[in-house]
Structures are given as structure tokens and as C-alpha cells.
Amino acid sequence: MPIESGSCASARQAKQKRKSHSLSIRRTNSSEQERAGLQRDMLEGQDSKLPSSVRNTLLELFGQIEREFENLYIENLELRREIDTLNERLAAEGQTIDGAELSKGQLKTKASHSTSQLSQKLKTTYKASTSKIVSSFKTTTSRAICQLVKEYVGHRDGIWDVSVAKTQPVVLGTASADHTALLWSIETGKCLTKYVGHVGSVNSIKFHPTEQVALTASGDQTAHIWRYIVQLPTPQPTADCNQMSGEDEVEFSDKDEPDGDGDGSSDCPTVRAPLTSLKSHQGVVIAADWLVGGKQAVTASWDRTANLYDVETSELVHSLTGHDQELTHCCTHPTQRLVVTSSRDTTFRLWDFRDPSIHSVNVFQGHTDTVTSAVFTVGDNVVSGSDDRTVKVWDLKNMRSPIATIRTDSAVNRINVCVGQRIIALPHDNRQVRLFDMSGVRLARLPRSNRQVTEYL
């Protein structure tokens, strides 16, 4: 009577294990609905401030995650059993092949080759399963639809800041490394005013809340307050407008610079001198902003200080010291006398001037690298960006920890917040702009534009 070999017995044992295991999988799948029902009943019995629709969506997502990882766990167990069976079979064959001894090196090579194939299969299965989980989250994200509306061509160097006037007529302002600030018609893209009073890079531009006055900060260690008077062009028929823009919007590459002052700004009115020059810094003035009401202005400098000025007299009211390294940005609250400054010392500071007699300061250490900017929203939030590749949203009422964190692939440049829609505009890798909501959900991506200011809708 033939005797059953060790390899055949091992194969039969593995087959029986797989059969019994497949039955357990069927039992698991059949009980998923019952388990989901129990979880839903448990959640309904708990107190929660979340709307029922949000709770149901979360429950479905967590259910998907649990099922995916359960399937992954089951496949992992099955692969481990196959590996054990293979090792047993190889060990048995190594002892009984024609009485010849199989060298340990050959046996180890054969076993490692087979196990590496199984390991690769396990990795592939894991990646496929986790990608399904990530896809399930992405499908629930609402996305904004953006399209190109207008391009503003005229600067001869990089553009550091973009701002929109708060009063009529509503114009667009840009600050550039070409030592100029330009004002544009939003509708036509025509340059309305050029400011040439600075002798260094213009790093920021902000408009007065009630008057036709602009505030610019520069690398010449000053901030200028200057008045502009613009008259918006009369709306033209579509055909004429397209013909005009065709002459103005000539595209230039980085290697082929046009002669002269540029396309859009060569024939616009020029302002050459400021109303007031704020001169108290010993380094580059990287940013400036108006306090609510427009009677005071704040500046941030590489000399590690921020200065608060009286606009009418140009006198220094407060020198805000405390940062250990160069400041990178400053911003004021739209409705309260609050100022936030950011620095290369990995912190940002909140300065409170609501009490005229005293001012308080709070230091926040939520980042691990240079804080490139920190800005207020229309509500009670602060958004900070850093070279540590994160953007964090904070609640002014509780600044102990961020309420949302956005992680990026590169260092974060100066960020902007669309106040009305509570949208975060985040420059990414100096090539594109990504839009997020205040909870950190990505909405859209705007492509790179070459030496132009681009408006999207």
C-alpha cells in the first residue's frame, strides 16, 4: 500500500485550511449588515452636536475602512499560511530528494525567492486596498470649478503681493520686485496708475479702508502712503474689448524680455512721491497693513521689529519687539484692533491694541520652521503658513491647538484668505495656487501664470 508523502499531506492540510477559512469569510460578510445596524443604534443613543446626515456619512466611511482592513487582514493570514506551507514543503523535499543533501545555500535561495514573490503580492494587495479607502474619502470632497477670467500684464519682475481696494472705484493693486506698484482695472485689465516712489523692491500693498490711499512696504527700509485718483474706463462692446486685449496681452517668456517699461504700464499715469514716508526701520520692510479705521498703520521688518505708526503725523506709536529673528509678515484684523506678526523664529505673535492704555501680546509656537505668514479671517480665525510644509487654522477663542492642518509637498509661501467666501489661497511650489476651505479640504488648483497677475472665477 503506497505511503502518502509529506508534501502531499501538507498540501491537503493547506487546502482544508483554505476551505474552512473561506467559510469564515462568508460568515463575516453575512454579519456586516447586522454589525452596521448595531453601530448605528449605538451612535443614535449617544449625544452629539453633529447633524444626522454628517453622522451617517462618517458611519459609512468608517464602515468602509473596517471592511477594507478586515479583508486585508484575512488576505494577510492566508498568505502567511501559504508561506508556512511552502517552508514545510521545502524542508521536507530537502531531506528526501534521492538521498542527496540539498545545500543550505540553494535551499535558502529557493525559499527566499518564493517568499519574496508572496511579499510582493502582499504589498500590491495592501496598496490596492488602501487606495480604495483614500478614494472613498476623495469622492465625498466638494470641489470648486475655476476658470481663467483676466490676465494683467505689465510688471517686469516677480509679483510679491496682490490686493483689492475696499472703496469705489474698486481696483486691483500689485506690488513687484521691479520697484513699482501698479493699479489695474479689474474688468478690462488696463493699468490705471503706476507708483514709482520706492527705490527698492515693493513687497506689499494694502488699500485704505475708506479713502483712495495705498500703503506700500519696500526693501528700501521704508513704507509709503500715497494717494491715487483713477477713473475706470468706460465698458466697451465685446468685440472692441477683445481687440484691445489682443494688443495689450502679448505673452513673453522669461528669456525674451520686451524693451521699454512693459506692455500694460507704459502709458498709465505715474505717481512719483508719497504723501507720507514711514522711516523707523533698520532693515527691509517686508509687509505693512492698516489698522481698522485707517488712522494707524503697522509695518514688519527684517530688523526683528514691527512698528505701529500714527498716519496723520507719521510718528512712531509703538515698537513691537520680542521676535528672535527676522519678521516675515504682518496682518491686521478687519474689525478689531488686533495685529498678528510672523517670523523666522518659528513663532507668530498676536498683539492686542483694543485697550488704548495697554497692549498685550501672545506667542504661539505651532510650527517647527519659519512662519512665512499669518493672516486673519473675517471671523475669529487665524491662518498660519510655514516652511515646515503645513498651513494651520486657529480659533482666536482657543489658540492651544489648531482646528485644521493642511499638509503640503513643499514650503509654504505667503498665503491669502478670500474673506467673503472663507477660502484659503495657498501658493504651492511657486508654480500653482491651491484653494482650500477653512476645514482643510482642497477645493481647486489654479495653474501657473508667467510674469502675469491672473484672475480666476
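Residues numbered from 1 in each chain as written. Predicted model: local features only at pLDDT ≥ 70, side-chain atom pairs only at ≥ 80, totals over all residues. Heavy atoms only, no water.

## Observations concerning the packing of aromatic side chains
Under the convention used in this document: Stacked, tilted and edge-to-face are the three classes assigned to paired rings of Phe, Tyr and Trp, where Trp is represented by its six-membered ring and a pair needs centres within 6.5 Å; plane angles under 30 degrees give stacked, over 60 edge-to-face, the rest tilted. Working definition: helices are DSSP H or I runs of at least four residues, strands are E runs of at least two. Numbering for both runs from the N terminus. The rule is simple: take the accessible area with a 1.4 Å probe, protein chains only, and divide by the maximum for that residue type; under 20% is buried, over 50% is exposed, in between is partly exposed.
Counted according to the given criterion, the structure contains six aromatic pairs. Centroid distance F348 to F364: 5.2 Å. Interplanar angle 25°. Geometry classified as stacked. Linking F348 in strand β17 (residues 348-352) with F364 in strand β18 (residues 360-364), this pair joins segments that are 16 residues apart in sequence. For the pair F348 and F364, a shared accessibility class is recorded, and that class is buried.

## Considerations on the pattern of salt bridges
For clarity, the threshold we go by: When a carboxyl oxygen of Asp or Glu lies within 4 Å of a side-chain nitrogen of Lys or Arg, that pair is called a salt bridge.
For the structure shown, the criterion picks out six salt bridges. Across the salt bridge formed by D161 and K206, the nearest N and O atoms sit 3.1 Å from each other. You can see D161 sitting in strand β2 (residues 159-164) and its partner K206 sitting in strand β6 (residues 202-207), a full 45 residues away along the chain. Looking at D161, the relative accessible area reads 9%, which means it is buried.

## What about the UniProt feature "repeat: WD" (unreviewed entry) in the protein?
Under the convention used in this document: UniProt positions are given in the numbering used here, feature names are shortened, and annotations may be inferred rather than shown by experiment.
As recorded in UniProt, the feature "repeat: WD" (unreviewed entry) lies at residues 152-194, 195-226, 278-319, 320-361 and 364-404. Here residues 195-226 runs as 0% helix and 53% strand, with 8 Å between its end C-alpha atoms.

## A word on unusual backbone geometry
Residues Q168 and P169 are joined by a peptide bond in cis, for which omega reads -5°. Mapped onto the fold, P169 is located in the loop between β2 and β3 (171-176). Residues other than glycine seldom take positive phi values, yet H179 does so here, at roughly 75°. Topologically, H179 is positioned in the loop between β3 and β4 (181-185). Taking relative accessible area as the criterion, H179 reaches 33% and is therefore assigned partly exposed. The phi torsion at Q221 lies on the positive side, around 75°, for a residue other than glycine. Considering the arrangement of structural elements, one finds Q221 in the loop between β7 (213-218) and β8 (223-227). With a relative accessible area of 33%, Q221 lands in the partly exposed category.

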